[in-house]
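Descriptive analysis of the structure
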Amino acid sequence: MMRLLCVTFRFIQPFPIFHGCADAGAPEWPPSPLRAFQALLNATALRHRGRELDSNVRSALDILEAIRPYIIAPMGVPATVGYRTYVPHNQTDLVTSAWDRGNLEASIASHRMEKDVRPTRIAFTDDSLPAVHYVYPLDLPDDACNRLLESVRPSVRSITALGWGIDQVIADATLISQADLHSLEGEQWRPASTGVNRLRVHCAGSLDALSARHEKFLNRISDGKFTPVPPLTKMEVVAYRRDTDPAPRPHAVFKLIDANEDAYRYPHAKLIHVAGMVRHLAIERMTNAAPAWITDTGEWVNRVVRGKRDASSAEHQQFSYVPLPSIGHEHADAMIRNVMIVAPLGMERELNYLAERLNGEVLRPEGDAAECDADSKPQISQRIELQKFNPPSGKFISKCYLGLSRFWHTVTPVILDGHNRKSKNDKPEEIARATEKLICKALQRWGIETPCEFTWQSVPFLKNTLSAHKYDRDGRHTGYHRPAHLKDLTAVHVRLSFSHPVPGPLTLGAGRHCGFGLMAAVQS
């Protein structure tokens, strides 16, 4: 039976908070495995007082650095409002020079810098201290596990802080079994191929790299010259997720490129045209050259690529063709320059196959027998080519549509799978209850199980996007062009608030497969 080494940190502040930050100063929770490993190495080095590490301790750290641990931690919520501190900067020489000149009123307090702090508040009860557990699976004989514990336990018990120096902890290490794992209180985070949280993790070589970096820090000033300390390179950034976290849907993103190889812009209100043309092209390519591992090609194309429902099947899965309005900047025009294909969970292989065969293909406004009837037809006077690409980090696609956030709102309205009113005499509270039920139904169909709250309205949340209304006060068509089968359904703009961060892409409602109900992450 596999043994597990459990390293436990208990926060001892009266009101426990954690100040550690991830990249770009973003709040980090749970504390990354690399942070815990650094705390362990620091305590070990202090115990040896400049001497070489004991061979048993060194061997134990070599084993642990190559293991990606599980993390069991209480819920942590970043503070919505931080606080500001003032810290002295490295200009004490100016103060001492003033003292030397006889200016005894000079003070270090006048040389301070503002530092804004936004800690993470840790959930706790009055009965026990909040604890974060790092669980390392050990594929070793029992006697080797016992020796490893004996080697690292004194150092673990010497750790006094995790995060900043003010994040005081007491720590211990024990050996547990798989059965004991379920008795640990907190949310369980495990490494995954995709996840809502990306944490820095130690890897083979991290021990030597940390030791070398510390040595360079000690010798950063030599012969009057300053040598910057290089960043740590021997580490990995690993996705962690809880069992309750929704997994991000597989997706492929394309640019719309014109004949001059510039970005092509398509009207926001007619985004359904782009979705329809990409869908027609996908049907054509997969009909002619479906994946070799698909047994029933015609059925797969008809059901997954085209999206025709099988009445005899309780579970329906299909590709979604989602145009992406340009948003994320106060002057963004919300025009369509990109399109994304979203696949059901578990269909990464099929999606990659389709994406490679659509790359470089030209969209055509002509339909065929598979065409979806809409209230207007695409009008394209020039060549539009699909060009597959990986959205760069920090840009609007990665940040708004594929980001990670507790708060999301619609870019295009959610088309409800039904009507929220039966007659013109319905009372507002009855309409509100019916709307709430239909939104809950849309969330369930997308597979969102994470608890959330929501509000809805007809007006859009973003500039240059359109109202959910179909007609204006004079009865004229307004808003978005829709497919015929969605034309008479009720639509609303929705804002979601989750208890935990949720990854994109998110599309909700009856029109989620053709670009309606597209959600964007709210960054603040």
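Just above sits the structure.
Our subject in this report is the structure included herewith. Bear in mind the structure is a predicted one, so any value in this text is a computation, not a measurement.

**Regarding the overall build of the protein**
Counting its regular elements, the protein contains eleven helices and 24 strands. Along the first, second and third principal axes, the C-alpha set of the protein runs to 80 × 70 × 55 Å. When burial is assessed residue by residue, the protein has 46% of its 524 residues classed as buried. The contacts of the protein with a sequence gap of at least 6 include a subset with a gap of at least 24, amounting to 78%. For the protein, the exposed area adds up to about 27600 Å²; of that, 49% sits on carbon and sulfur atoms. One finds the centroid of the 63 positive side-chain charges in the protein at a distance of 4 Å from the centroid of its 58 negative side-chain charges.

**Some words on empty space enclosed by the protein**
Applying the stated criterion to the full structure yields three cavities of 30 Å³ or more. Volume-wise, the second largest cavity comes out at about 60 Å³. Those elements giving two or more residues to the lining of the second largest cavity turn out to be strand S1 (3–11), helix H1 (33–48) and strand S8 (131–138). Within the lining of the second largest cavity, the residues separate by chemical class into nine nonpolar, no polar and no charged.

**Some thoughts on the nonpolar core**
In this structure, Leu5, Phe9 and Leu64 are the most contacted members of the largest nonpolar core, which totals 45 residues. If we ignore the near neighbours within four places in the chain, the residues touching Leu5 are Leu64, Tyr134, Val135, Tyr136, Leu138, Leu148, Leu149, Val152, Ala173, Thr174 and Leu175.

**Description of a nonpolar patch on the surface**
A grouping of Ile12, Leu129 and Ile170 is seen on the molecular surface, where their side chains present a nonpolar patch of about 230 Å² in accessible area. On the basis of relative accessibility, which here comes to 36%, the residue Leu129 falls in the partly exposed class.

**Digging into unusual backbone geometry**
Cis geometry is found at the peptide bond from Trp29 to Pro30, where omega equals -5 degrees. Cis peptide bonds are those with omega within 30 degrees of zero, and the linkage from Gly504 to Pro505 qualifies with 5 degrees. Here Pro505 shows up in the loop between strand S23 (491–503) and strand S24 (519–521). Residue Ala334 is not a glycine yet carries a positive backbone phi of 65 degrees. In this fold, Ala334 is placed in the loop between strand S16 (320–325) and strand S17 (336–342). By relative accessible area, which is 0% here, Ala334 ends up buried. Positive phi values are uncommon outside glycine, yet Asn464 reaches one of about 70 degrees. Tracing the backbone through its elements, the reader meets Asn464 in the loop between strand S22 (452–457) and S23. You can call Asn464 partly exposed: its relative accessible area is 39%.

**Description of helix H4 (residues 142–156)**
With 15 residues, H4 extends 20 Å between its outermost C-alpha atoms, agreeing within 8% with the 21 Å of an ideal straight helix rising 1.5 Å per residue. Packing partners of the buried residues in H4 comprise S1, H1, helix H2 (55–65), S8 and strand S9 (169–176).

**Regarding the packing of aromatic side chains**
Across all of its chains, the model carries ten aromatic pairs by this definition. Taken together, a centroid distance of 6.2 Å and an interplanar angle of 75 degrees make the contact between Phe396 and Tyr401 edge-to-face. On the accessibility criterion, Tyr401 (1% relative accessible area) is buried. The cationic tip of Lys115 hangs over the ring face of Trp164; the distance from NZ or CZ to the ring centre is 4.6 Å. Cation over ring: Arg349 sits above Trp293, and NZ or CZ is 3.6 Å from the ring centre.

**Section: the sheet that holds strand S10 (residues 187–191)**
The sheet built from seven strands is open, its strands ordered S9-S1-S8-S3-S10-S14-S11 with antiparallel pairing. The sheet is open, and its two edges are formed by S9 and strand S11 (197–201), each paired on a single side. When the angles between neighbouring strand axes are averaged without regard to direction, this sheet yields 25 degrees. By the bridge criterion, eight bridges tie S1 to S9 in an arrangement that is antiparallel. What sits directly across from Arg10, in S9, is Ile170. Sitting on the sheet, H1 is in contact with S1, strand S3 (70–73), S8, S11 and strand S14 (236–242), with an inclination near 25 degrees to S11.

What counts, and at which threshold
- Residues numbered from 1 in each chain as written.
- Predicted model: local features only at pLDDT ≥ 70, side-chain atom pairs only at ≥ 80, totals over all residues.
- Heavy atoms only, no water.
- Helix = DSSP H or I, 4+ residues; strand = E, 2+ residues; numbered from the N terminus.
- Buried < 20%, exposed > 50% of the residue type's maximum accessible area, 1.4 Å probe, protein only.
- Contact = heavy atoms within 4.5 Å.
- Areas by Shrake-Rupley, 256 points an atom, 1.4 Å probe, with all protein chains shown as cover.
- Lys, Arg positive; Asp, Glu negative; His and termini not counted.
- Charge placed at Lys NZ, Arg CZ, Asp CG, Glu CD.
- 1 Å grid on protein atoms, 1.4 Å probe; cavity = no way out; pocket = protein on both sides within 12 Å on 5 of 7 lines; lining within 4 Å.
- Points joined across faces, edges and corners; volume = space filled by probe spheres on them.
- Nonpolar A, V, L, I, M, F, W, Y, C, P; charged D, E, K, R; others polar.
- Core = buried A, V, L, I, M, F, W, Y, C linked by side-chain atoms within 4.5 Å.
- Patch = residues over 30% accessible without salt bridge, like charges linked within 9 Å, V, L, I, M, F, W, Y side chains within 5 Å.
- Salt bridge = Lys/Arg side-chain N within 4 Å of Asp/Glu carboxyl O.
- Expected span 1.5 Å × (residues − 1).
- Phe/Tyr/Trp six-rings, centres within 6.5 Å; stacked < 30°, edge-to-face > 60°.
- Lys NZ or Arg CZ within 6 Å of the ring centre and 35° of its normal.
- Pairing = 2+ DSSP bridges.
- Axes fitted to C-alpha atoms, helices over the stretch in contact; angles between N-to-C directions.

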